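These are the residues of each chain, in order.
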Amino acid sequence: MGFEGIGAAVKRREDVRFLSGRGNYTDDINRPGQLYAVIKRSDRPHATINAVKADAAAAAPGVVAVYTGADMAKDEIGGLPCGWQIHSKDGSPMAEPPHPVIAVGKVRHVGDPVAVVIATSKQEAKNAAELIDVDYTDLPAVATTLDAMKPGAPEVHDGVAGNMCYDWVIGDKDVVDGVFAKAPKVVKLDLTNNRLIPNAMEPRVALGECDPSSGDYTLWTTSQNPHVIRLLMGAFVLHIPENKLRVVAPDVGGGFGSKIYHYAEEAIVTWAAGKLKKPVKWTADRSESFMSDAHGRDHVSTAEMALDNDGKFLGLRITTIANMGAYLSTFAPCVPTYLYATLLAGVYTTPVIYCNVKAVFTNTVPVDAYRGAGRPEATFLLERLVDVIAHDTGLDRVEIRKKNFIPKDAFPYQTPVALQYDSGDYQTTLAVALKNADWAGFESRRAAAKARGKLRGIGISTYLEACGIAPSAVVGSLGARAGLYEVANIRVHPTGSVTVFTGTHSHGQGHETTLAQLVVDQLGVPLSQVEVVHGDTSKIPFGMGTYGSRSLAVGGSAMVKAMDKIIAKGKKIAAHLMEASVEDIEFKDNTFRVAGTDKTKTLTDISLAAYVPHNYPIEELEPGLDETAFYDPKNFTFPGGCHIAEVEIDPDTGVVEMVNFTAVDDVGRVVNPMIVEGQVQGGVVQGIGQALLENAVYDSGGNLISGSYMDYAMPRANDISNMSVATENTMCTHNPLGSKGCGEVGAIGSPPAVINAVVDALKDYGVRHLDMPATGPKIWSIIQAAKPRMAAE
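For the structure given in this document, a descriptive report is provided here. (Residues numbered from 1 in each chain as written. Predicted model: local features only at pLDDT ≥ 70, side-chain atom pairs only at ≥ 80, totals over all residues. Heavy atoms only, no water.)

Okay, the packing of helix H15 (residues 511-523) against helix H16 (residues 551-577) next. Helix packing for two helices is described by the angle between their axes and how far apart those axes are. Where H15 contacts H16, the two axes come as close as 10 Å, and the packing angle between them is 35°. Crossing hand, H15 versus H16: right-handed. Contacts from His511, Thr514, Leu515, Leu518, Val519, Gln522 and Leu523 of H15 reach H16 at Ser551, Leu552, Gly556, Met559, Val560, Met563, Asp564, Ile566 and Ile567. Partitioning the contact of H15 with H16 into residue classes produces 10 nonpolar, 5 polar and 1 charged. (Axes fitted to C-alpha atoms, helices over the stretch in contact; angles between N-to-C directions. Helix = DSSP H or I, 4+ residues; strand = E, 2+ residues; numbered from the N terminus. Left-handed = near helix turned anticlockwise from the far one by under 90°. Contact = heavy atoms within 4.5 Å. Nonpolar A, V, L, I, M, F, W, Y, C, P; charged D, E, K, R; others polar.)

With that out of the way, let us pick up the state of the cysteines. Taken as a whole and assessed by the stated rule, the structure comprises 0 disulfides. Here Cys355 is not cross-linked by a disulfide; its sulfur's nearest cysteine counterpart is in Cys334, at 14 Å. Left without a disulfide partner, Cys732 is nearest to the cysteine sulfur of Cys467, which lies 10 Å away. Residue classification places Cys732 among the buried residues on the basis of a relative accessible area of 5%. (Disulfide = S-S within 2.5 Å. Buried < 20%, exposed > 50% of the residue type's maximum accessible area, 1.4 Å probe, protein only.)

Another point: empty space enclosed by the protein. The gaps of empty space that remain are located by a probe, the size of a water molecule, rolled over the atoms. Enumeration according to the criterion identifies 7 cavities of 30 Å³ or more in this entry. Space inside the largest cavity adds up to approximately 240 Å³. Lining the largest cavity we find 24 residues, and of these Leu80, His99, Tyr263, Ser292 and Pro366 sit closest to its centre. For the lining of the largest cavity, a count of residues per class yields 13 nonpolar, 7 polar and 4 charged. Domain assignment of the residues forming the lining of the largest cavity places at least three in each of domain 1 (18-139 + 199-292) and domain 2 (299-469 + 635-792). (1 Å grid on protein atoms, 1.4 Å probe; cavity = no way out; pocket = protein on both sides within 12 Å on 5 of 7 lines; lining within 4 Å. Points joined across faces, edges and corners; volume = space filled by probe spheres on them. Domains from an automatic or database assignment.)

A separate point is helix H11 (residues 397-404). Helical geometry note: an α-helix holds 3.6 residues per turn, so side chains three or four residues apart project in the same direction. Residues of H11 that are buried: Arg397, Val398, Ile400, Arg401 and Asn404. Take H11 and look down its axis: the buried residues cluster within an arc of 165°, on one side only. For H11, the elements touching its buried residues are strand S14 (313-325), helix H10 (375-393), helix H12 (426-436), strand S18 (455-464) and helix H19 (745-761). Its side-chain oxygen 3.0 Å from the backbone nitrogen of Val398, Asp396 forms the N-cap of H11. (Arc of directions from axis to C-beta. Polar contact = N/O pair within 3.5 Å; in protein donor to acceptor, adjacent residues only side chain to side chain.)

A few words now on the sheet that holds strand S28 (residues 723-727). Across the sheet, which stays open at both edges, the 4 strands sit in the order S18-S26-S27-S28 with mixed pairing between neighbours. Edge positions in the open sheet fall to S18 and S28, since each of these has one partner strand only. Taken pair by pair, the neighbouring strands of this sheet meet at an average axis angle of 10°, ignoring direction. Bridging between strand S27 (residues 656-666) and S28 involves 5 bridges; their strand directions are parallel. Bridged to Val664 within S28 is Ala726. (Pairing = 2+ DSSP bridges.)

To continue, consider the packing of H10 against H11. With their axes 9 Å apart at the nearest point, H10 and H11 run at an angle of 115° to one another. Taken as a pair, H10 and H11 cross one another with a handedness that is right-handed. The residues of H11 that touch H10, namely those facing Glu383, Val386, Asp387, Ile389 and Ala390, are Arg397, Ile400 and Arg401. In the contact of H10 with H11, the residues fall into 4 nonpolar, no polar and 4 charged.

Turning our eyes to something else, we now look at the pairing of strand S19 (residues 486-492). Where burial is concerned, most of S19 is hidden: 6 out of the 7 residues are buried. Here 6 bridges tie S19 to strand S25 (residues 626-631), and the two strands are oriented antiparallel to one another. Of the residues in S25, the one forming a bridge with Ile490 is Glu627. Once S19 ends, the chain turns through 5 residues before running back antiparallel as strand S20 (residues 498-502), passing Gly496 with a positive phi of about 95°.

Our focus in this paragraph is the pairing of strand S10 (residues 216-221). With 5 of its 6 residues buried, S10 lies for the most part within the structure. One ladder, built from 6 bridges, connects strand S9 (residues 205-211) with S10; its direction is antiparallel. What sits directly across from Asp211, in S10, is Asp216. Hairpin connection of S9 to S10: 4 residues between the antiparallel strands, including Gly215 at a positive phi of 75°. Bridge count between S10 and strand S11 (residues 245-248): 4 bridges; the pairing is parallel. Looking at the pairing, Trp220 lines up with Val248 of S11. In this fold, S10 hands off to helix H7 (residues 226-237), which returns the chain to S11; that crossover is right-handed. (Right-handed = clockwise from strand over helix to strand, strands pointing away.)

So, in structure tokens, the structure goes:
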């Protein structure tokens, strides 16, 4: 058995069951007497519901029940709650219109639930749903934020004037305007961050069950945070006491943020199971997911940088319009505010920043966090702006970054947008990335590509993100309606093996390996004797789940605290057994030792004594070796790094080929380098997807045009280049592990690097900026439009 602790590239233990088809996903779970639910969804973006005619559906073969929003209203079922409140710049709370589980009175986007059919088979339920006749009166719809803000635009929600959810600011506008008025140079950029549709391998599934003998409910669901779902659904929607509601998230096939939220289907199947006294399962079709899962991104922004004649940044001024969709999803309001605007300093010493964010309702699917959640939007804006500054001023794009970097001896560094960074070394990640990408040799590769008739470009992104959002008291003051701590329970069994109960949740990250390695490192228990349990509210103290790259930095830190308690209690037991003072007991490598002697006891000796307390300090200690700890972080963590993309463009088709990608990231202490490399690679692939391929498109009437893989392009293996991944780490200074997080860095740093490379390849065609995605037809059109000018020159 080799080294298995912190720093070891241990193979993922969970992969054996996944690769052999032994995973236990929600759709694999079937209960006795189970029924199947199919949702009848609106095919209209905005309409009044005059009547839902369901008699034919109710009489169809196999149908057990058909329910509408009116049926839920009779049971006084609440609406889906929002977990974060934002206040506008005038101090008024955001507009927070009701979000019914099943639409009542109106539908507000294509995909809005109108009714649910429950039958003895899924096919029977699907057939019956097609028989439901909904009498609509169509209403005018707005699909884009700019249209929704126009004077006289249709209101998505009655009484929400101008469709404005909130009008929020950070920074002092007068101060920033004063800096701009005196600045020698100002560079301005208008840009859009394209809307994305999450596509985890596993579609969402929900299975509800009610035990009629006890009144206990169980919901199995594809969730990233089952305790949060239990809290929101139990307290605010179905009014079920938490002691009567169990939520289980078993194996989950990817989430990327889209499985954080409390969705209508979870409430529907749980409520229906209670009414019918039979289990009810709903499984999404992929096309259904496109119009029911929360979307991501969708910002329209104007960015301006004031700078001196030498390229030093003096001030940044941003206006952003963020699309909320038709309703407020669980954490949507914080994404374009506290997870976006507070990151606009990036890795630079910009002394003053002002950002105004207007969040707007539209007749589209709700928008919420998607891998990176506000941080990719901030990074794309900032890193594109820096490249445009270099373009407009003639300054070198690497040198202008260096000139404005936060010095590595300046930490802790207070930004002008609330956050204080604790550590970082942006100069080193840049230098290593430039070397690994052979930046200096690029022009020879460009010339070789030109000789082959190709346009070659290289792009750079020096980024920073914030992870492990916290502390609870601070985020509570900013509008969070939940704590953001994490919990861990460490149970040492009588013979020394260990079970970890964690409030985080794994849906592809490899927690069953990484978290077990923490136990190996701190307690000296072999990896094979460590079990990691997550995702079941009946087994785990209240935890906050996984998102925002928090699992190691927050959840792992809770584990360290719980293991500290195990060791402290073990020392007392060891002192009693070896007739020594507690102060003289040392612990290392699974062994308690009396300092300066050869007297030892193993952890197994101690755990056995704790559970079989024949010779035990019973007056001082309770039996057992089982400890729980909660960890509430003191601050965010701040991963960062440098990504460099290299592309070639075929001028005859406009198609972009990724030819190389280099990532050098600072993620703090690395527990498992192989897993970190995989996380970065996966994030980069998603970033390339956004930059080159993916785009959620609505027509002007609010109809989803890109509603399937026929029209929504996901990255495939042949869209990805060779990828060099490395880390150059500085330690987080305020958590016991020194870890920062790695799950989102790839998706944050890569999109601007790719677009910067595409723009560099097109520099002879007069391209200053290009919005994502940089598709072949878009680039081909740019090249064709530039040909007459280039011929004239």
